[in-house]
Amino acid sequence: MLNKKMATAINNQIQEEMYSFYLYLAMAEYAADKGLPGMQHWMRNQAMEEMSHAVRFMNYLEEKGAAVELKTLKAPPKSWKSPKHAFEEALKHEGHITGCINNLVDLALSLKDHATVNMLNWFVGEQVEEEATAKGVIDMINLTGAAPGGMFMVDRELAARPAAVDPMNPTAQA
Ligand code: OFO
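Structure report, in brief. Owing to the predicted nature of the structure, the values given are computational and were not obtained by experimental measurement.

## So, the side chain of His93
Positionally, His93 belongs in helix α3 (residues 83-110). His93 sits in the buried class, given a relative accessible area of 10%. When neighbours within four sequence positions are excluded, His93 is seen to be in contact with Tyr19, Ser20 and Leu23.

In structure tokens:
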């Protein structure tokens, strides 16, 4: 049995992850509009990864016999000042998500809910990676983006991101 407070907090996190999905999808459309197919590919795959995070939480609630509650999503922004600005906003957003995950861990610890702490540990590690990845792209843009054709080169790098695994089968992703 999952504590009610914990189940509510996980349902709120599903909403956060689905908003992340929506945000990256919007960034993918922005990239398409700017003629950056590599960035669009990168953002769409990030969106798929976010959906897989939501599904991981859904699977956990199901395993614990708690109800999944899907909530309303607000509309994400439509445009950013530049591709670099979009990645800066992505990094800021990931910082927010890291805070949400930390709050979930704090709640699980206060409830002595070790199973949930164990499940959340995967997300703690994942957030380190999420922030580092967004920062890595910003660094790449800073290094090459200002040079003539720089963003074209960055876009080619972004196109090389491996395709995300099936978001409905998230544990297939290590
Ligand atoms: Fe789900 O990690 Fe990004 O937002």
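## Comments concerning the packing of helix α1 (residues 4-33) against helix α2 (residues 37-63)
For the pair α1 and α2, the least separation of the axes is 8 Å and the interaxial angle reads 165°. In terms of orientation, α1 and α2 fall into the roughly antiparallel class. The two elements α1 and α2 meet at a crossing, and its hand is left-handed. Of the residues assigned to the contact of α1 with α2, the class counts are 22 nonpolar, six polar and four charged.

## Digging into the pattern of salt bridges
Inspection of the entire model under this criterion finds six salt bridges. Residue Lys84 is joined to Glu88 by a salt bridge in which the shortest nitrogen-to-oxygen separation is 3.9 Å. Of the two residues, Lys84 and Glu88 both sit in helix α3, four residues apart, roughly one turn of that helix.

## Notes on unusual backbone geometry
You will see that Lys112, though not glycine, has its phi angle at about 55°, which is positive. The residue Lys112 is located in the loop between α3 and α4 (114-145) in this model. Owing to a relative accessible area of 66%, Lys112 belongs among the exposed residues under this scheme.

The rules behind each value
Residues numbered from 1 in each chain as written. Predicted model: local features only at pLDDT ≥ 70, side-chain atom pairs only at ≥ 80, totals over all residues. Heavy atoms only, no water. Helix = DSSP H or I, 4+ residues; strand = E, 2+ residues; numbered from the N terminus. Buried < 20%, exposed > 50% of the residue type's maximum accessible area, 1.4 Å probe, protein only. Contact = heavy atoms within 4.5 Å. Axes fitted to C-alpha atoms, helices over the stretch in contact; angles between N-to-C directions. Parallel < 35°, antiparallel > 145°, perpendicular 65-115°, else oblique. Left-handed = near helix turned anticlockwise from the far one by under 90°. Nonpolar A, V, L, I, M, F, W, Y, C, P; charged D, E, K, R; others polar. Salt bridge = Lys/Arg side-chain N within 4 Å of Asp/Glu carboxyl O.

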